[in-house]
Amino acid sequence: MATATDEVEYVEGPLLEDGLIEERRYQLQLADTASGDHTLVCLPTGLGKTAVSLLVTADRLAEKGGKSLLLAPTKPLVQQHAAFYREALEVPDDEIVVFTGDVRPDDRADLWEEARVVCATPQVVENDLVGNRVSLAGVTHLTFDECHRATGDYAYNYIADRYHADADAPLVTGMSASPGGDKEEILTVCDNLGLREVAVMTEEDADVKAHTHHTSVEWEHVELPETVIEIRDALNDVVSDRLEKLKQLGVTTSTDPNMSQKQLNAIRAKLQELINNDDSDGYSGMSAHAEIMKLRRAVELVETQSVESLRRYFERQRDAARSSGSSKASQRFVSEPRVKEAMRRAEEFDDLHPKFRRTRILLAQTLGIEDGERVIVFTESRDTAETLTEFLGEHFETRRFVGQGDKEGSDGMTQKEQKETLDAFRSGEFEVLVSTSVAEEGLDVPDVDLVLFYEPVPKGIRSIQRKGRTGRASEGRVVVLLAEDTRDEAFFWMSRNEEKKMEEELRKLKDLEGEIEAEIAQQAGLAEFDSGGEADETGDDSDAEEPDAGGDGEASSADENAVEDDNGTAASDDDGQAGLTDFAGEADEEDGTDPEGTVAEAAPGGEGVEVVADQRELDSHIARDLSTREGVETRLETLAVGDYVLSDRVVVERKSVEDFLDTLVGGDRSMFEQVGDAARFYARPVVVVEGERLYEARNVHPNAVRGALASLAVDFGASVLRTDDADETADLLEVIARREQETDDRAVSVHGEKGGKTLTERQEYVVSSVAEVGPVTARALLEHFGSVEAVMTAGEDDLRAVDGVGEVTAERIREVTGSEYADSAGE
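For every chain, the first residue of the written sequence is number 1, and numbering continues from 1 onward in sequence order. Side-chain atom pairs in this predicted model are given and counted only at pLDDT of 80 or more, local residue features only at pLDDT of at least 70, and totals for whole chains, interfaces and linings cover all residues. Neither water nor hydrogens contribute to the side-chain values; these are computed over all heavy atoms in the structure.

1. Things to note about the overall build of the chain
The criterion, for reference: What counts as a helix is a DSSP run of H or I of at least four residues, what counts as a strand is a run of E of at least two, and both are numbered from the N terminus. For each residue, the accessible area found with a 1.4 Å probe, counting protein chains only, is set against the maximum for its type, and the residue is called buried under 20%, exposed over 50%, and partly exposed in between. Note on definitions: a residue-residue contact is assigned when non-hydrogen atoms from the two residues lie within 4.5 Å. Working definition of accessibility: Shrake-Rupley area with a 1.4 Å probe, residue cover restricted to the visible protein chains.
Looking only at helices and strands, one finds 31 helices and 21 strands in the chain. In the chain, buried positions account for 50% of the 827 residues. Partitioning the intrachain contacts of the chain with sequence separation of at least 6 by distance along the chain shows that 72% fall at a separation of at least 24. For the chain, the accessible surface area stands at approximately 37,300 Å², while carbon and sulfur atoms represent 44% of it.

Below, the structure written as structure tokens:
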């Protein structure tokens, strides 16, 4: 339903504010499709993809209740979506919340419970899911903005898996102006997000064409000055020299400094083969390869950016070479005479890169002669963004717009600064926005008169995103600057070819929506057949569990295949061999510990097991993997001791083979300090060495490796276990956690917190460490006797009077507390 105001019709509906969403038939059509099933929505940049998602969200919240979750790749984009939702939805502003890394995890958990709409970056939601701080069960609509990112190991994929597995009534909408370069890429995105429908609108559709304007694209060539060419050629000579050394090693036949990155990657792969075969030439070759990459970066900066950017890069390389632990590649780079000469000439260069002059002329034409109002200048380098902002600021009102944090030695912008800058640009407080890639994707930047590419970008998707900043409300213009006979030209052709291919694929996708959907359905059917389940043919939003949701259908622990005999004891596996869990509890019975006196529940609520992971371990994705397994709950902490806590007595320190060997080669003793800390706080420290070729990966004598392993086991009392990869490590952690918490009925207890323990916690810890009675029995003892001192001086009969303390445990406590201390070293 729509209402007319000043000849413009607006959409009406439940939870929609009146007079805010202009009625556009293509948006309504896309929203109608997306409301019916998990849908990929493809729409050119600037034509209101977010409005489509909002219409679906309003419909779902009105019909199903629950909450809506919208994910976007950058913080400014998340803030923008939240502002739009607050304006357009009849939902209290405090129920539309923003989740980014700037919001404390504990605060996010509280906000989640009260929110109806959450706009978030995917990494934050991923962390909250792994840390068991939020649940997707009540989310009735999940939007993935810029969904073409859902490839590889991006957080979107994990969140989608969890959503389809956990949500009571799931509905997914994926949005992108450029979903992929070909049909296979689009199918990959659909598969990763669980999308079953495809809804496409192009600028050729009549409904869309009425809301678009022509954008002209111009390519302007600039000629480099002689000095810049000489600096570039000097650097390229060094590249050729280093390639000649690699040629002598037989890993390349070319010494062309302009060889492609693909060729350089192939060289690196061959060098890695030499290293794997214990050929020392591989190490020297890899160092030369690293130096080539530094030189290539320097060439790219002087060619396509500015001499000032090159000067800053040289300075950072000098600082790196002076620092402790600097690589040989860095040291050779700054000490090479031809590089030093190039540095000197760059420092003496006092002219402008020709792109600077051309940029100033184009802006003067647009803002002065043509009476334009706004211009965006895109550049790849923060150094260039800073230099351009300073240079253009002498003639125009100019501000920079870059991402957060530090990169390439340049200061980033805070989220608040980003928002203030965009608001000021929208309101016309300044004319020129100089931006890095952070403003490419989806930001609601006002329609501008000129988008200037300081250099072409090699990816078609990024080119499309940048061009979408103009031509929205009026005729738009895009100018791309290319330095002649440089990498600019290669990037230009790469981007242009990929962009044409994507535009063609989008048109094909429009024609082949049905075919794509049929292929998606076929893939889903095959997956369902493989899992032995029945296909969901309804296509509705019923509460039926999605096929292959989160991988929960697979056995998740070593004892899944075990069966219980009449006495309730785990029998051996079908192959007749005992599993790890068959040996559960034997050690405790042998050393006299009373199984009944060890502890309490395994995890909150008594369901499944809990694994506590250190926040810094998220890069390995082990915790993420564990969080998808049935009967396993994960919790994130900033652990002072260890990487994973599996019970009150087991902590795991995980080391990759490379990290482990670095300890031996670099003289870094931190690993032994970490394991020492673990041994002080936990009775059963475990070191997991993850990866293959422990004795071959580096030029380290096998006896040195054996010595380190022996030290961990003998000096620190740690169990040292080997795994091939992260998947196997996750399997091992689950088995240990189940053995500790389910079989031995031990609780998870994090020791050595940085914040320190309360007096009560310290008392419980002291008592629980005696004879390994565990935290629950420790609490029972303290409640019965009233103090640590009273527990320690109690007799066996008095100890046995406490619930959970048997004869063996009472004897063990008295043995530990009443026996004289005998120094084993002095015996």
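2. What to know about a negative patch on the surface
Basically, it comes down to this: In this scheme, patches are assembled from residues that exceed 30% relative accessible area and form no salt bridge. Like charges are connected within 9 Å, while nonpolar side chains (Val, Leu, Ile, Met, Phe, Trp, Tyr) are connected within 5 Å. One speaks of a salt bridge when a side-chain nitrogen belonging to Lys or Arg is within 4 Å of a carboxyl oxygen belonging to Asp or Glu. Positive: Lys, Arg. Negative: Asp, Glu. His and the chain ends are not part of the count. Charge positions are represented by NZ for Lys, CZ for Arg, CG for Asp and CD for Glu.
Together, Glu692, Asp724, Asp725, Asp727 and Glu728 make up a negatively charged patch on the protein surface. Tracing the backbone shows glutamate 728 in helix α26 (residues 726–743). Residue classification places glutamate 728 among the partly exposed residues on the basis of a relative accessible area of 33%.

3. Observations concerning helix α3 (residues 75–88)
Defined as follows: To estimate the expected span of a helix, subtract one from its residue number and multiply by 1.5 Å.
With 14 residues, α3 should reach 20 Å at 1.5 Å per residue; the first-to-last C-alpha distance of 20 Å fits that figure. Turning to α3, its buried residues number three or more, namely Lys75, Pro76, Leu77, Val78, Gln80, His81, Ala82, Tyr85 and Ala88.

4. Things to note about the sheet that holds strand β16 (residues 609–614)
This is how it is decided: Strands are treated as partners if at least two bridges between them are detected by DSSP. Fitted lines through C-alpha atoms serve as axes, helices being fitted only where they are in contact, and the angles separating the N-to-C directions of these axes extend from 0 to 180 degrees.
With mixed pairing, the six strands of this open sheet are ordered in space as β17-β16-β18-β19-β20-β21. The sheet terminates laterally at β17 (632–637) and β21 (719–723), the two strands that pair on one side only. Relative to strand β20 (residues 684–690), strand β19 (residues 650–656) runs parallel, the two being bridged by seven bridges. The partner of valine 651 across the bridge, within β20, is proline 685. Across the sheet, helix α24 (residues 670–681) touches β19 and β20, and the angle it forms with β19 is around 170°.

5. Focus: the state of the cysteines
Note the cut-off: Put simply, a disulfide is two cysteine sulfurs that come within 2.5 Å.
A complete count under the given rule lists zero disulfides for this structure. Cysteine 147 supplies the cysteine sulfur nearest to cysteine 42, a cysteine that is in no disulfide, at a spacing of 6.7 Å. With a relative accessible area of 0%, cysteine 42 lands in the buried category. Distance from the sulfur of cysteine 190, which forms no disulfide, to the nearest cysteine sulfur (cysteine 147) is 7.5 Å.

6. Points about the pairing of strand β4 (residues 67–71)
Among the five residues in β4, five count as buried, and that is most of the element. Every second residue of β4 is oriented toward a common face, with Lys67, Leu69 and Leu71 on one face and Ser68 and Leu70 on the other, all of them buried. Relative to strand β7 (residues 139–145), β4 runs parallel, the two sharing five bridges. Paired with leucine 69 across the two strands is leucine 142, which belongs to β7. The sheet contact formed by β4 and strand β6 (residues 117–120) spans four bridges and is parallel. Residue leucine 70 lies in a different strand from β6, and its bridge partner there is cysteine 119.

7. Comments concerning the packing of aromatic side chains
What characterises a pair of aromatic rings is the spacing of the ring centres plus the angle enclosed by the ring planes. Short version of the rule: Pairing of aromatic rings covers Phe, Tyr and the six-membered ring of Trp, with a centre-to-centre limit of 6.5 Å; geometry is then stacked below 30 degrees between planes, edge-to-face above 60, and tilted otherwise.
Per the stated rule, a full pass over the model turns up 11 aromatic pairs. Where phenylalanine 84 meets tyrosine 85, the ring centres are 6.3 Å apart and the plane angle is 80°; that geometry is what we call edge-to-face. Its relative accessible area of 26% is what places phenylalanine 84 among the partly exposed residues. Ring plane angle 90° and centroid distance 5.9 Å describe the contact between phenylalanine 356 and tyrosine 454, whose orientation is recorded as edge-to-face. Highlighted residues: phenylalanine 356 in helix α15 (residues 354–369) and tyrosine 454 in the loop between β14 (450–453) and α18 (460–467), separated in sequence by 98 residues. Neither phenylalanine 356 nor tyrosine 454 differs from the other in exposure class; each is buried.

8. Focus: the confidence of the model for the chain
For clarity, the threshold we go by: A residue's pLDDT is simply how confident the predictor is in it, with values from 0 to 100.
This prediction gives the chain a mean pLDDT of 78; 76% of its residues lie at or above 70. Mean pLDDT per element in the chain: helix α21 (residues 586–590) is the minimum at 35, and β4 is the maximum at 97. Low confidence marks residues 468–474, where pLDDT is under 50. Its contacts with residues over four positions away, or in another chain, come to 37 contacts.

9. Quick word on the packing of helix α9 (residues 226–248) against helix α11 (residues 281–305)
To keep things clear, this is the line we draw: Any angle that falls under 35 degrees is termed roughly parallel, while one over 145 is termed roughly antiparallel, one within 65 to 115 roughly perpendicular, and all others oblique. Handedness of a crossing is defined here by the sense of rotation of the near helix relative to the far one, left-handed for an anticlockwise turn of less than a right angle and right-handed for a clockwise turn. Gly counts as polar in this scheme, as do all residues outside two lists: the nonpolar Ala, Val, Leu, Ile, Met, Phe, Trp, Tyr, Cys and Pro, and the charged Asp, Glu, Lys and Arg.
Where α9 meets α11, the closest approach of the two axes is 9 Å, and the angle between their N-to-C directions is 165°. When the interaxial angle is binned, α9 and α11 end up roughly antiparallel. Our pair here, α9 against α11, has a crossing hand that is left-handed. Residue-level inspection shows Val228, Ile231, Arg232, Leu235, Asn236, Val238, Val239, Arg242, Leu243 and Leu246 of α9 in contact with α11, the latter providing Gly285, Ala288, Glu291, Ile292, Leu295, Ala298, Val299, Val302 and Glu303. Of the residues contributing to the contact of α9 with α11, the split by class is 13 nonpolar, two polar and four charged.

10. Thoughts on the pattern of salt bridges
Summed over the entire model, instances satisfying the criterion amount to 53 salt bridges. Residue arginine 358 pairs with glutamate 220 through a salt bridge whose shortest N-O separation is 2.4 Å. One end of the pair, arginine 358, is in helix α15; the other, glutamate 220, is in strand β10 (residues 215–222), and 138 residues separate them in sequence. The exposure class assigned to arginine 358 is partly exposed, which follows from its relative accessible area of 22%. Its relative accessible area of 16% is what places glutamate 220 among the buried residues. Salt bridges linked by common partners bring Glu308, Arg311, Arg312, Arg316, Asp383, Glu386 and Arg400 together as one network.

11. Looking at the environment of valine 767
Tracing the chain through its elements places valine 767 in helix α27 (residues 759–769). Among the residues examined, valine 767 registers a relative accessible area of 2% and is labelled buried. Here valine 767 is in contact with Val773, Ala778, Leu781, Leu782, Val788 and Val791, once residues within four sequence places are set aside.

12. A word on the packing of α9 against helix α14 (residues 337–348)
For the pair α9 and α14, the least separation of the axes is 9 Å and the interaxial angle reads 165°. Here α9 lies roughly antiparallel to α14, going by the angle between them. The hand of the α9/α14 crossing is left-handed. Contacts between α9 and α14 involve Thr227, Glu230, Ile231, Ala234, Leu235, Asp237, Val238, Asp241 and Arg242 from the first element and Arg338, Val339, Ala342, Arg345 and Ala346 from the second. Here the residues of the contact of α9 with α14 sort into seven nonpolar, one polar and six charged.

13. Some details on the sheet that holds strand β3 (residues 39–42)
Taken in spatial order, the seven strands line up as β5-β6-β4-β7-β8-β3-β9 in an open sheet, and their pairing is parallel. Only two strands of the sheet have a single neighbouring strand rather than two, namely β5 (96–99) and β9 (197–200). If you compare each strand with its neighbour and ignore which way they point, the axes differ by 15° on average. Direction of pairing for β7 relative to strand β8 (residues 172–176): parallel, over a ladder of four bridges.

14. What about α24?
Note the cut-off: In this description, the arc belongs to the directions extending from the helix axis to the C-beta atoms.
The end-to-end C-alpha distance of α24 is 17 Å, a good match for the 16 Å that 12 residues give at a rise of 1.5 Å each. Looking only at α24, the buried set comprises Met671, Phe672, Val675, Gly676 and Ala678. All buried residues of α24 lie within an arc of 160° about the axis, which places them on one face of the element. Seen from the buried face of α24, the exposed residues on the opposite side, beyond 90 degrees, are Glu673 and Arg680.

15. Focus: the nonpolar core
For soluble globular proteins, nonpolar side chains are generally found buried alongside one another. Threshold: By nonpolar core we mean a set of buried residues, namely Ala, Val, Leu, Ile, Met, Phe, Trp, Tyr and Cys, connected to one another through side-chain atoms within 4.5 Å.
Counting 58 residues, the largest nonpolar core has Leu69, Leu71, Phe144, Leu193 and Leu646 as the members making the most contacts within it. Excluding residues that lie within four positions of it along the chain, leucine 646 makes contacts with Glu610, Val611, Val652, Leu733, Ile736, Ala737, Glu740, Gln741 and Val748. By size, the runner-up hydrophobic cluster in this structure holds 37 residues, among which are Leu224, Val238, Met259 and Val307.

16. As for the side chain of lysine 655
The criterion, for reference: Any pair of N or O atoms that falls within 3.5 Å is considered a polar contact. Within protein, one atom must be able to donate a hydrogen and the other to accept it, and sequence-neighbouring residues count only if both atoms are side-chain atoms.
Within the secondary structure, lysine 655 sits in strand β19. Glutamate 653 provides the closest opposite charge to the buried, salt-bridge-free lysine 655, at an N-O distance of 4.1 Å. Reaching out from lysine 655, the side chain makes a polar contact with the side chain of glutamine 674 at a distance of 2.9 Å. Discounting residues that sit within four places of it in the chain, lysine 655 has contacts with Phe660, Met671, Gln674, Val688, Val689 and Glu690.

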